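Structure assessment
In case you want the letters, here they are:
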Amino acid sequence: MDYKTLAEQTANTLNDFMASLPAGQQEIVAAAFKELLASNVADNAPAAGDQAPDFVLPNVRGERLSLSAALDSGPVVLSFYRGSWCPFCNLELNALQQRMPEIRACGARLIAVSPEKPDSSLNHAEKMGLEFDVLSDLGNQVAQRYGLVMQVAESMRPLYLEWGLNLPAANGDDSYEIPVPATYVIDRRGTIQAAYVDKDYTRRMEPAQIINALQTIKTP
């Protein structure tokens, strides 16, 4: 079996995507990416050892779930992702879905959060066969509390529309704000045991690292 890490999958996807673009679009994407990496976006995001900010958000069926309630039954893996339109996010969500038996074996619950409206999230979850909580953070209010919010560069917005990516329609506002992808492994006391935040939105925490972090958490 030819197993590829999530990093390998996202790198291949990025290379294929960039190669498919006209030279002018490649330059716009590269410049926006360079500007993002040079920014202070997500510099103040929670880190390992911090308390995870609590929140209450609706799932794809409108039922509300709080982080504190989820932690009552065990550790939580909290994953912020940009949206169903993001190929790197979809690779991550698929990789997490494949490792759900191991995550559950650690007594943990997986919660994925994006700014998309519940109906968009529901279609996405059903299409991908996701068996974990997918929550809608409308207006990025929770992502803001976690210090993860960034704006899509103005130079990129016409390209998004050209590629068929209508963020205002998916998110229900015209802010063009999305979260920097981040993963937190949180113990039952609400303490972050492992954190992965990277402005390079093509990079994600490997599922194997998540499981390793869960396995180090001692049951109180």
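Presented here is an overview of the structure given in this document.

Thresholds applied
Residues numbered from 1 in each chain as written. Predicted model: local features only at pLDDT ≥ 70, side-chain atom pairs only at ≥ 80, totals over all residues. Heavy atoms only, no water. Phe/Tyr/Trp six-rings, centres within 6.5 Å; stacked < 30°, edge-to-face > 60°. Helix = DSSP H or I, 4+ residues; strand = E, 2+ residues; numbered from the N terminus. Buried < 20%, exposed > 50% of the residue type's maximum accessible area, 1.4 Å probe, protein only. Polar contact = N/O pair within 3.5 Å; in protein donor to acceptor, adjacent residues only side chain to side chain. Contact = heavy atoms within 4.5 Å. Pairing = 2+ DSSP bridges. Axes fitted to C-alpha atoms, helices over the stretch in contact; angles between N-to-C directions. Arc of directions from axis to C-beta. Salt bridge = Lys/Arg side-chain N within 4 Å of Asp/Glu carboxyl O.

Observations concerning the packing of aromatic side chains
- Summed over all chains, the structure comprises eight aromatic pairs.
- On the numbers, 5.2 Å between centres and 85 degrees between planes, the contact of Phe17 with Trp163 is edge-to-face. Of the two residues, Phe17 sits in helix H1 (residues 6-20) while Trp163 sits in the loop between helix H8 (157-162) and helix H9 (167-171), which places them 146 residues apart along the sequence.
- For Phe17, a relative accessible area of 30% translates into the label partly exposed.
- Ring geometry for Phe55 and Tyr146: centres 6.5 Å apart, planes at 70 degrees, overall edge-to-face. With Phe55 in the loop between helix H2 (23-38) and strand E1 (56-58) and Tyr146 in the loop between helix H7 (141-145) and strand E6 (149-151), this residue pair connects regions lying 91 residues apart in the sequence. A single burial state applies to Phe55 and to Tyr146, both of which are buried.

Let's talk about the side chain of Asn140
- Note that Asn140 resides in the loop between strand E5 (133-136) and H7.
- Within the structure, Asn140 has its side chain in polar contact with the backbone oxygen of Glu177 (distance 3.0 Å).
- If we ignore the near neighbours within four places in the chain, the residues touching Asn140 are Pro115, Val149, Glu177, Ile178 and Pro179.

Examining unusual backbone geometry
- Although it is not a glycine, Ala42 sits at a positive phi angle of roughly 70 degrees.
- Checked against the element boundaries, Ala42 lands in the loop between H2 and E1.
- Its relative accessible area of 15% is what places Ala42 among the buried residues.
- In this model, Tyr176 sits at a positive phi of 60 degrees, which is unusual for a non-glycine residue.
- Looking at the secondary structure, you find Tyr176 in the loop between H9 and strand E7 (177-179).
- Residue classification places Tyr176 among the buried positions, given a relative accessible area of 11%.

Looking at the sheet that holds strand E8 (residues 182-186)
- Reading across the sheet, the five strands line up as E5-E4-E3-E8-E9 and stay open at both edges, with mixed pairing between neighbours. A single partner strand is all that each edge strand has here, and the edge strands are E5 and strand E9 (192-197). Between one strand axis and the next, the sheet turns through 15 degrees on average, direction left out of account.
- Note that strand E3 (residues 76-80) and E8 share five bridges and pair antiparallel.

Some words on helix H10 (residues 207-215)
- If you check which residues of H10 are buried, you get Pro207, Ile210, Ile211, Ala213 and Leu214. In an axial view of H10, the angular spread of the buried residues amounts to 160 degrees, which keeps them on one side of the axis.
- Tucked inside the fold, the buried residues of H10 contact H1, E3, helix H4 (87-98), helix H5 (100-105), E8 and E9.

Re the side chain of Thr202
- Note on placement: Thr202 falls in the loop between E9 and H10.
- For Thr202, the side chain forms a polar contact with the side chain of Asp200, separated by 2.6 Å.
- Setting aside chain neighbours within four positions, we find Thr202 in contact with Thr10, Leu14 and Phe88.

Focus: the pattern of salt bridges
- Counting across every chain of the model gives seven salt bridges.
- In this structure, Asp43 and Lys199 form a salt bridge, with 3.9 Å as the shortest nitrogen-oxygen distance. Taken as a pair, Asp43 in the loop between H2 and E1 and Lys199 in the loop between E9 and H10 lie far apart in primary sequence, 156 residues in all.
- A relative accessible area of 52% means that Asp43 is categorised as exposed.
- With a closest N to O distance of 2.7 Å, Arg204 and Glu92 form a salt bridge. With a gap of 112 residues between them, Arg204 in the loop between E9 and H10 and Glu92 in helix H4 connect regions that are remote in the sequence. For the pair Arg204 and Glu92, one class covers both residues: buried.
- What emerges from the salt-bridge pattern is a single network uniting Asp198, Asp200 and Arg203.

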